[in-house]
Amino acid sequence: MNNNLPSGAIADAVAVLNREDVIAYPTEAVFGVGCDPDSETAVNRLLVLKQRPVEKGLILIAASFEQLKPYIDEQALNDAQREAVFACWPGPVTFVFPAKPTTPRWLTGRFDSLAVRVTDHPLVVELCKTYGKPLVSTSANLTGLPPCRTSEEVRAQFGDAFPVVEGETGGRENPSEIRDALTGERFRQG
């Protein structure tokens, strides 16, 4: 994987995010589409693009656990549960945490929880650090089509003008595993 990311690409992506728009970027296995989690306008644009109902909820991807604290109720976890989560992070495991009451419904959907991940993908880490917060992260694909694994596939599905952070995925075969942070129950195999 090429970790030499031109700083201009990150700055360009942050400028798009600041305009409440959606970008595509490589993650551990596939390209993701993401936006500012605090902007209802941006999230609605992403949902329309993906043809995804808001009720399903979304995933946040972050550079650090600190970036996720405004959205999740970390106090709901005991020490053993917290250790189990941190044993997997940073990495390709998404955990479902109880959400704070202040977490917007456009993120949680019909749930009182939120799926979150601290990534180890260097490009996404740099993007989230530069942006200063996590990103909404869902697979880059239109409904019924397979998730994109290259920037060319993103452009084929979303158009040549769609803002894509160039880079390679982390080479994993499957999207991130999803587990319940409280029970350890696996919702999706990784």
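Above this note sits the structure.
Residues numbered from 1 in each chain as written. Predicted model: local features only at pLDDT ≥ 70, side-chain atom pairs only at ≥ 80, totals over all residues. Heavy atoms only, no water.

Novice: Is there a simple way to think about the environment of Val96 in this case?
Specialist: Turning to its location among the elements, Val96 is positioned in strand E4 (residues 93-98). Of the residues examined, Val96 reaches a relative accessible area of 13% and is grouped as buried. Through-space distance from the C-alpha of Val96 to that of Ile72 is 9.2 Å; in sequence the pair is 24 residues apart. Non-local contacts of Val96, meaning those with residues more than four positions away in its chain, are made with Ser113, Leu114, Ala115, Ile178, Arg179, Asp180, Ala181 and Phe187. (Helix = DSSP H or I, 4+ residues; strand = E, 2+ residues; numbered from the N terminus. Buried < 20%, exposed > 50% of the residue type's maximum accessible area, 1.4 Å probe, protein only. Contact = heavy atoms within 4.5 Å.)

Novice: When you look at the layout of surface pockets in this model, what are you seeing that I'm missing?
Specialist: Space left empty within the atom packing is revealed by a probe, the size of a water molecule, rolled over the atoms. Its boundaries defined by the atoms lining it, the largest pocket holds a volume of some 600 Å³. Along the walls of the largest pocket sit 27 residues, with Arg52, Ile59, Ala115, Ile178 and Arg188 positioned nearest its centre. Where the lining of the largest pocket is concerned, the elements lending two or more residues are helix H4 (105-108), strand E5 (113-118), strand E6 (135-139) and strand E8 (186-188). When residues of the lining of the largest pocket are assigned to their parent elements, the largest contribution, four residues, is made by E5. Along the lines of polarity and charge, the residues of the lining of the largest pocket split into 13 nonpolar, nine polar and five charged. (1 Å grid on protein atoms, 1.4 Å probe; cavity = no way out; pocket = protein on both sides within 12 Å on 5 of 7 lines; lining within 4 Å. Points joined across faces, edges and corners; volume = space filled by probe spheres on them. Nonpolar A, V, L, I, M, F, W, Y, C, P; charged D, E, K, R; others polar.)

Novice: Looking at this structure, how should I read the sheet that holds strand E2 (residues 31-34)?
Specialist: Where strands meet in a sheet, backbone hydrogen bonds hold them as pairs that are either parallel or antiparallel. Read across the open sheet, the eight strands follow the order E1-E2-E6-E3-E5-E4-E7-E8; overall the sheet is mixed. Each of the sheet's edge strands pairs with one partner strand only, and the pair in question is strand E1 (23-26) and E8. Taken over all neighbouring pairs, the strand axes of this sheet differ in orientation by 40° on average, direction set aside. Bridge analysis of E4 against strand E7 (residues 177-180) gives four bridges, and the strand direction is parallel. Looking across to E7, one finds that Val96 is bridged to Asp180. Across the sheet, helix H2 (residues 40-50) is in contact with E2 and E6; its angle to E6 comes to roughly 5°. (Pairing = 2+ DSSP bridges. Axes fitted to C-alpha atoms, helices over the stretch in contact; angles between N-to-C directions.)

Geometric descriptors of this kind do not, in isolation, establish any biological role.
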